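Here's the letter readout for the chains.
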Amino acid sequence: MGVSASAGHGKPSQIRSRGSRIRSAVTVRPVRTTRRKSVRDVLFSHHIEGGKDSFFPLSYQLKKERRFLPAQPGPGLHAEDRMKHESTTNVQRIKITPVPSSTKAKKRSKTALVLAGGGVTGVVYEVGVLQALTHFLTGEFTLNDFDMVMGLSAGSLVGSLLVNGITPAEMMGAMGEHPSTTLTKFSKWDVFRPNFGEFFERAMGLPFTLTQNLWRNISNYTLGKNPYSELLDEILPSAIFTNSKVADFVRTNLQNLGRTNDFRELAKKFYVIATELDTGDRVIFGDEGYDHIPISKAVQASTAIPLFYRPVRIGRRDYVDGAMRKTLHIDIAIEKGAELIICINPVVPLRNDTEKKSIPMFGHKGRYISDKGFQHVWRQMLRLMLHSRIPAGLERYRRFYPNVDIILIEPREDDYKMFFHNIMDYDARVSVAEHGYKTMIARLSEHFEEYAAIFARHGIDIHPPRKSAHHATPRSFDNTPPALRRVRIAQANHRELNRLHSVLQKLDSRLDSLAEESAKPPIHPEGEFKSRVANV
């Protein structure tokens, strides 16, 4: 696994972080008033103070001056050409200045987590990497403390669960061989659901399409023109499968767990990237103007791989995979003020060593990718196209935004295991999750001081994992660190508190109206009043 870090240097960038949201304590005091105490006043007359279970965000101003460490120059055009192969992962070397223990703790920078695409294997790879990170982020900063999360394609599915306080362990329970008690199982049928609806629609319109096409070809016949080409284009559906079950999976689980399917109700910013098919424009669901779209629908749009999944129609627009224009979309996080950006990218092309007698996993049948046939040639081409955009983008961000640190986590280039699993290989989900987890643990453990210094520059402390973390498997991912468990409980309490406030306000208003009605003198009907006067 390659974990590359981009360290900034030079003049400060024009883009500055406006503030950071942290989990902190806020004192809630009773409302002092001359009127009677309301139900809400009584229930919230205590103070919610300090601590582990606090759940109110508190903003503070960042320091203006920072120390930036220059990247080490080296031969070659791109960093990935200088990758070392001494372990199961890789790193772009940077010059690190150890931070003395006496240094005053810095206020935390604004942080972002970017989750790229990669199909089914990409989902479980990211889950494995995130689970490994939980063993390092065991202090005051956890996975739930990123100021913003961005997801595109497969990463949007992982991100939609993560921002709702669902742990990587619980996600793996839904993806694994044994269903989790928290999430419903994400089955193979959810991934490979045939596009029956469109097939049926095209079949019903086939007689009209044949007649129309035949008349057009007769009236506009030209020598050498294939009369069947346009007919086939109109008969064939837009994709083989539909990913409607992906949206159902997200929506159902969020509802069952009492979480939100609304971008506007999240405690942090969450952005889902998709591509509008008819214009080619990038769309950021969760941003202003697109935050009213349900999270589940946005995830469905972002995961719609062209030709594999049917385009997703939202309103009067069709959307497809968010990785069509860019692989990571880091520029969005930078524009939002993030200064520490963690990116997880599962898709990397293979750098095959043709000097070997045979490629691992080929047996003894060849040393070239082409020896494996059409599918593997196409797989290499797809990975090359997706990954080729990353090095140039990182170099540009490093040059124009020197105050931003970018840590890129991805498989190393000679990782044969990741390459020879198709991105839609559902049966490999457990082994790929375990592979991502173990390689991440090994890499961060080996270069812990380097990454600790990077995180420390942004006011975040990380700690070496316990020895037991090195031997964990996807089946034992449920050993969630206590700090992350506390954050999840705090988020759930925050949502419940908001609901309770709303209910109590309605109850308080109703009690006030009843009190006003009871204070008024009784009004007797006119007939009853006259009868009493007559009796007197």
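Just so it is clear, the structure is predicted and the values come from calculations on it, not from any experiment.

Before going further, it helps to examine a nonpolar patch on the surface. The grouping of Phe374, Val377, Trp378, Met381, Leu384 and Met385 at the surface amounts to a nonpolar patch, some 640 Å² of accessible area in total. Among the structural elements, Met385 can be located in helix H12 (residues 374–387).

Considering only enclosed or pocket space, the second largest pocket measures out at about 700 Å³ in volume. What lines the second largest pocket is a set of 27 residues, and nearest its centre among them are Ile305, Trp378, Leu382, Leu386 and Ile423. Of the residues assigned to the lining of the second largest pocket, the class counts are 15 nonpolar, eight polar and four charged.

Here the idea is simple: oppositely charged side chains can pair when their charged atoms come close. For the coordinates displayed, the defined rule picks out 17 salt bridges. With a closest N to O distance of 3.3 Å, Lys326 and Asp331 form a salt bridge. On the accessibility criterion, Asp331 (12% relative accessible area) is buried. The residue Glu446 makes a salt bridge to Arg443 at a minimum N-O spacing of 3.7 Å. Separated by three residues within a single helix, Glu446 and Arg443 lie in helix H15 (residues 429–446), roughly one turn from each other. Connected through shared salt-bridge partners, Glu198, Glu201 and Arg310 make up one network.

Our next topic: the confidence of the model for the chain. Residue-level pLDDT values for the chain average 74, and 63% of them are 70 or greater. In the model, residues 8–104 has pLDDT below 50 throughout and makes 201 contacts with residues more than four positions away in sequence or in other chains. Long-range and interchain partners of residues 529–536, a stretch whose pLDDT sits below 50, account for one contact in this model, where long-range means more than four residues apart.

Another aspect to go through is the pairing of strand E4 (residues 111–115). Within E4, five of the five residues are buried, which leaves it mostly tucked inside the rest of the structure. Residues Thr111, Leu113 and Leu115 point to one face of E4 and Ala112 and Val114 to the other, with burial holding for every one of them. Of the strand pairs in this sheet, E4 and strand E12 (residues 340–344) are connected by five bridges, and their pairing is parallel. Among the inter-strand pairings, Leu113 is bridged to a residue of E12, identified as Ile342. Bridge count for E4 against strand E5 (residues 148–152) is four bridges, and the pairing is parallel. Directly across from Leu113, in E5, lies its bridge partner Val149.

Put simply, helix H2 (residues 119–134) and H15 touch, their axes get as near as 7 Å, and they point 35 degrees apart. With respect to the hand of their crossing, H2 and H15 are arranged in right-handed fashion. Here Thr121, Val124, Tyr125, Gly128, Val129, Gln131, Ala132 and Leu133 of H2 come into contact with H15, specifically with Arg429, Val432, Ala433, Gly436, Tyr437, Met440, Ile441 and Leu444. Across the contact of H2 with H15, the residue classes tally to eleven nonpolar, four polar and one charged.

Ring pairs (aromatic) are described by centroid distance and by the angle formed between their planes. Under the counting rule described, the total for this entry stands at twelve aromatic pairs. Considering the side-chain rings of Phe285 and Tyr290, the 6.0 Å spacing of their centres and the 90 degrees angle between planes classify their relative orientation as edge-to-face. Overall, Tyr290 belongs to the partly exposed group, its relative accessible area being 32%. A centroid spacing of 4.9 Å and a plane angle of 90 degrees characterise the contact between Phe419 and Phe420, whose relative ring orientation is edge-to-face. Overall, Phe420 belongs to the buried group, its relative accessible area being 12%.

Here helix H9 (residues 244–256) spans 18 Å end to end across 13 residues, near enough to the 18 Å set by a 1.5 Å rise per residue. Those residues of H9 lying buried are Val246, Ala247, Phe249, Val250, Asn253 and Leu254. For H9, the buried positions fall inside an angular range of 160 degrees around the axis, keeping them on one side. Counted as exposed and oriented over 90 degrees from the buried face of H9: Gln255 and Asn256. Next to the buried residues of H9 lie helix H3 (154–162), helix H4 (168–175), helix H5 (188–191) and helix H10 (295–302). Following H9 by one or two positions, Gly258 adopts a phi angle in the positive range, close to 75 degrees.

Here is what the cut-offs are and how they apply
Residue positions within a chain follow its written sequence, with the count starting from 1. A pLDDT threshold of at least 70 governs which residues receive local features in this predicted model, and a stricter bar of 80 or more applies before side-chain atom pairs are shown or counted, although totals over entire chains, interfaces and linings include all residues. With hydrogens and water excluded, all non-hydrogen atoms of the structure serve as input to the side-chain values. Within this analysis, patches are made of residues with over 30% relative accessible area and no salt bridge. Like charges are joined at 9 Å or less; nonpolar side chains (Val, Leu, Ile, Met, Phe, Trp, Tyr) at 5 Å or less. Computed with a 1.4 Å probe, the accessible areas rest on the Shrake-Rupley method; for each residue, only the protein chains presented here act as cover. Definition used for salt bridges: Asp or Glu carboxyl oxygen within 4 Å of a side-chain nitrogen of Lys or Arg. Only runs of H or I of at least four residues qualify as helices and only runs of E of at least two qualify as strands under DSSP, and these elements are numbered from the N terminus. In this analysis the probe radius is 1.4 Å and the grid spacing 1 Å, with only protein atoms considered; a cavity is a set of points the probe fits into but cannot get out of, a pocket is an open set with protein on both sides within 12 Å along at least five of seven lines, and lining residues have an atom within 4 Å of a point. Grid points are joined across faces, edges and corners, and a volume is the space filled by probe spheres set on the points. For this classification, the nonpolar set comprises Ala, Val, Leu, Ile, Met, Phe, Trp, Tyr, Cys and Pro, the charged set comprises Asp, Glu, Lys and Arg, and every other residue, Gly included, is treated as polar. For each residue, the accessible area found with a 1.4 Å probe, counting protein chains only, is set against the maximum for its type, and the residue is called buried under 20%, exposed over 50%, and partly exposed in between. Per-residue confidence from the predictor is reported as pLDDT, which spans 0 to 100. Residues are treated as being in contact if the distance between any of their heavy atoms lies within 4.5 Å. One bridge is not enough; two strands pair if DSSP finds at least two bridges between them. Helix axes use the C-alpha atoms of the stretch in contact, all axes being lines fitted to C-alpha atoms, and the angles between their N-to-C directions lie in the range 0 to 180 degrees. For any helix crossing, the convention is left-handed if the near helix is rotated counterclockwise from the far helix by under a right angle, and right-handed if that rotation is clockwise. Between the rings of Phe, Tyr and Trp (Trp by its six-membered ring), a pair exists once the centres lie within 6.5 Å; its type follows the angle of the planes, with under 30 degrees stacked, over 60 edge-to-face, and the other angles tilted. By definition here, a helix of n residues has an expected span of 1.5 Å times n minus one. In this description, the arc belongs to the directions extending from the helix axis to the C-beta atoms.

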